[in-house]
Structure formats: structure tokens, C-alpha cells
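# A closer look at the structure
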Amino acid sequence: MTSFLEHPGFKLLLGLGLSPEGFAVAGSGPLFARGWITDPGDVDVIARGATWDQVRELGQVDDAPFSRVKRVLLFDGQIEVLDGWFPEIWDVDGLIDDSDVIEGVRFVRLAVIAQTKKLLRRPRDELHLKVLAAHGWVG
């Protein structure tokens, strides 16, 4: 498998020069980084503090479609940066602090990704839940 770092969306993300301590990749990114899926679609990112402030300067801040968080879409939507991830369930600082680090990039833990995909239950989420189950993430 080629490293996830070769994906155009991850190249764009890392080219922003954001503090590695200020963000974590969420959504399908953690599955893609492990080589479990071939395409993450866009790259979903959660950001906090100064990193979120930096991102806010790069694009328009809008309401995210799920939950009560704000988002900035970058590079024609290839990257979606959010200031939280279902805050009624998780704290953004905790998600980032407890994230997995793969090749120097923080990724939201798989338990959170699995729970999120169970909440959303979109067709893509259903496929990813099967992938997670195939790798021992059931529940």
C-alpha cells in the first residue's frame, strides 16, 4: 500500500502548516490511513484553539450539516475542518489528545469512528462498519 501521505487531500492538509497538536483526522481518514479502504473521499479534520483560529482565516465558516459545530471547507471541499465532533457526545480536546498517531498525523480513535458511523448510518457508513467489523471492531 502507498502511504496515505501520498493522497492529494492529505498533501493539501499537511501543506497548511497546522500544528500537529491542534488537529486530528476524523471520518473515513483513520480507515484510509490503515489501508482498510482505498479512498477516504474528502478529509475530515477536527481542530481546536489556535489551529481552529488559523483555519477560520482560510475560508468561510458555516454550520456543519450534522450536530452543532462550525466548519470550513478548503480546496473545493477536499478538506472539511470542524471545530468539534458531535459535542453532545465528545469533547474536541479529548478526541485530539487521545488520538492515534500514524506517521506523525493524529487520527481520531477507531472506537469513536465506529460509533459515529453507527449514528449516521449513511450508505458509505454501512460499508465502513463492515470494514471495521472485518478488522475486529464490532459492537
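Use the structure listed above.
Residues numbered from 1 in each chain as written. Predicted model: local features only at pLDDT ≥ 70, side-chain atom pairs only at ≥ 80, totals over all residues. Heavy atoms only, no water.

As a further point, take the pattern of salt bridges. If you walk through the whole model with that rule in mind, you get 13 salt bridges. Here lysine 11 makes a salt bridge to glutamate 6, at a shortest N to O gap of 3.7 Å. Using a relative accessible area of 47% as the deciding quantity, one classes glutamate 6 as partly exposed. Lysine 70 is paired through a salt bridge with aspartate 63; the nearest N and O atoms lie 2.3 Å apart. Taking the relative accessible area as the measure of exposure, aspartate 63 reaches 53% and is therefore exposed. Here the residues in one salt-bridge network are Arg34, Asp100 and Arg109, joined through shared partners. (Salt bridge = Lys/Arg side-chain N within 4 Å of Asp/Glu carboxyl O. Buried < 20%, exposed > 50% of the residue type's maximum accessible area, 1.4 Å probe, protein only.)

Right, let's get into helix H6 (residues 123-134). The end-to-end C-alpha distance of H6, which contains twelve residues, comes to 17 Å, matching closely the 16 Å that a straight helix rising 1.5 Å per residue would cover. Those residues of H6 that sit buried are Asp125, His128, Leu129, Val131 and Leu132. Down the axis of H6, the smallest arc covering the buried residues is 160°, so these residues share one side. The outward face of H6, more than 90 degrees from its buried face, is lined by the exposed residues Pro123, Leu127, Lys130 and Ala134. Elements that come into contact with the buried residues of H6 comprise helix H2 (29-33) and helix H5 (110-120). (Helix = DSSP H or I, 4+ residues; strand = E, 2+ residues; numbered from the N terminus. Expected span 1.5 Å × (residues − 1). Arc of directions from axis to C-beta. Contact = heavy atoms within 4.5 Å.)

The next point concerns the packing of aromatic side chains. The full count for this structure, using the stated rule, is six aromatic pairs. Centroid distance phenylalanine 4 to phenylalanine 10: 5.1 Å. Interplanar angle 70°. Geometry classified as edge-to-face. The residues phenylalanine 4 and phenylalanine 10 share a single accessibility class, namely buried. For the pair phenylalanine 86 and tryptophan 90, a centre-to-centre distance of 6.5 Å together with 85° between the ring planes defines the contact as edge-to-face. Comparing phenylalanine 86 with tryptophan 90, the two get one shared label, buried. By way of ring pairs, the aromatic residues Phe4, Phe10, Phe32 and Phe107 are connected into one cluster. Between the NZ or CZ atom of arginine 34 and the centre of the ring of tryptophan 36, over which it lies, the distance is 5.9 Å. (Phe/Tyr/Trp six-rings, centres within 6.5 Å; stacked < 30°, edge-to-face > 60°. Lys NZ or Arg CZ within 6 Å of the ring centre and 35° of its normal.)

With burial as the criterion, each face of strand E5 (residues 79-82) is covered, one bearing Ile79 and Val81 and the other bearing Glu80 and Leu82. Pairing between strand E2 (residues 43-47) and E5: four bridges, direction parallel. In the sheet register, aspartate 44 faces E5, and the bridge partner there is glutamate 80. Bridge count for strand E4 (residues 70-74) against E5 is four bridges, and the pairing is antiparallel. (Pairing = 2+ DSSP bridges.)

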